[in-house]
Amino acid sequence: MTGELSPIDKAKFVAAKRSVDYVEDGMRVGLGTGSTAAWMVRCLGEMVRNDGLRIKGVPTSTRTAELARDVGIEVISLDEAKWLDVTIDGADEFDGNLNLIKGGGGALLQEKIVATASDQMIVIADIGKEVESLGAFPLPVEVIPFGWQTTKSLVEELLISMDVLGRDATLRMNGERPFITDEGNYIIDLHLGRIGNPHQLSMAMNQMPGVVENGLFLDICDVVILGFGDGRVETRDINEGTVEEDRLDFVETDNLFTDMND
Ligand SMILES: O=C(CO)[C@H](O)[C@H](O)COP(=O)(O)O
């Protein structure tokens, strides 16, 4: 079964598989969005169905909510949970300080709210997501549809005033129409190349009327679990500054792949 998966999917899977070790019975868990997070949700579903794990999941998108219910996880709202023990999510980029760009899947707003309401945020990623400085991946900015073109112009002016190198801003599309987030908003993707001062940019952007949130997740992530195509996983912990290496046995996980792909 694993022979049919690309190395990148194997990498995402092993990172997801390792991340569920952080989840304990009785926890309230934030469930991220994206292909890597989907592996994690399936792994948790396995634990709920087969091992009797009792958790409550708070999804970060309608997609994740559907998947979580499908695999047997009890889904509750963030308001019901109030506070979460841990959130596990993917990322589009992470740097050496475990700062992130997220929102490639368009769920950045709920993802940021849920991650911020968690004792711990764990990011699961393949090695291709590691960067020296953030910005090669287009930075998503969620904006209110009302007056979005004006908001886009103001964001472009802000980038010029801050001397940010790349200033190309594009409205995210879904075919012929604008992409609509779960909250009914649009996304403007900023093609910046390199973000020199992410804290300054994030703060300035979020002060602008019309901007709801941006995809910079700064000082939020505690642990990054990196997966490799050969089954290796590497854990980077911001608090302990540790790097731990391990390898998952694909033979052991073959059944899980088979079950998940049925
Ligand atoms: O931020 C996200 C969704 O809004 C995702 O976590 C991010 O895009 C990574 O996705 P994938 O795991 O599919 O590579």
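Residues numbered from 1 in each chain as written. Predicted model: local features only at pLDDT ≥ 70, side-chain atom pairs only at ≥ 80, totals over all residues. Heavy atoms only, no water.

1. Looking at the overall build of the chain
When helices and strands are counted, the chain shows eight helices and 17 strands. Taking 2.2 N^0.38 as the reference for a compact globule, 262 residues should give roughly 18 Å; the C-alpha atoms of the chain span a radius of gyration of 18 Å, in line with that estimate. Referenced to the eigenvectors of the C-alpha coordinate spread, the extents of the chain come out at roughly 55 × 35 × 35 Å. A buried classification covers 55% of the 262 residues belonging to the chain. Within the chain, residue pairs in contact and separated by at least 24 positions form 72% of the contacts whose partners lie at least 6 positions apart. Where the 23 positive side-chain charges of the chain centre and where its 46 negative ones centre are 2 Å apart. (Helix = DSSP H or I, 4+ residues; strand = E, 2+ residues; numbered from the N terminus. Rg over C-alpha atoms; globule rule 2.2 N^0.38 Å. Buried < 20%, exposed > 50% of the residue type's maximum accessible area, 1.4 Å probe, protein only. Contact = heavy atoms within 4.5 Å. Lys, Arg positive; Asp, Glu negative; His and termini not counted. Charge placed at Lys NZ, Arg CZ, Asp CG, Glu CD.)

2. Observations concerning helix α1 (residues 7–19)
With 13 residues, α1 should cover 18 Å at 1.5 Å per step; its first-to-last C-alpha distance of 18 Å lies within 8% of that length. Within the span of α1, buried status applies to K10, A11, K12, F13, V14, A15, A16, R18 and S19. (Expected span 1.5 Å × (residues − 1).)

3. A short note on helix α6 (residues 148–161)
Between its first and last C-alpha atoms α6 spans 20 Å; for 14 residues at 1.5 Å apiece the expected length is 20 Å, and the two agree. Taken together, the buried positions of α6 are W148, T151, K152, V155, L158 and L159. Viewed along the axis of α6, the buried residues span an arc of 120 degrees, placing them on a single side of the element. Away from its buried face, by an angle of more than 90 degrees, α6 presents the exposed residues Q149, T150, E157 and S161. The elements touched by buried residues of α6 are β8 (139–143), β9 (168–171), β12 (186–191), α7 (198–206) and β13 (211–214). Downstream of α6 by one or two residues, D163 has phi in the positive range, about 60 degrees. (Arc of directions from axis to C-beta.)

4. What to know about the packing of aromatic side chains
This structure, assessed with the given rule, holds two aromatic pairs. Residue placement shows R172 over the ring face of F179; its charged tip is 5.6 Å from the ring centre. (Phe/Tyr/Trp six-rings, centres within 6.5 Å; stacked < 30°, edge-to-face > 60°. Lys NZ or Arg CZ within 6 Å of the ring centre and 35° of its normal.)

5. Notes on the domain arrangement of the chain
Partitioning the chain into domains gives domain 1 (2–131 + 219–261) and domain 2 (139–210). Computed over C-alpha atoms, the centres of domain 1 and domain 2 are 27 Å apart. On the side of domain 2, 12 residues touch domain 1, which itself brings 13 residues to the contact. Between domain 1 and domain 2 the total buried area reaches about 930 Å² when both faces are included, carbon and sulfur atoms providing 51% of it. Our count for the domain 1 to domain 2 interface comes out at zero salt bridges. (Domains from an automatic or database assignment. Buried area = accessible area lost by both parts, 1.4 Å probe. Salt bridge = Lys/Arg side-chain N within 4 Å of Asp/Glu carboxyl O.)

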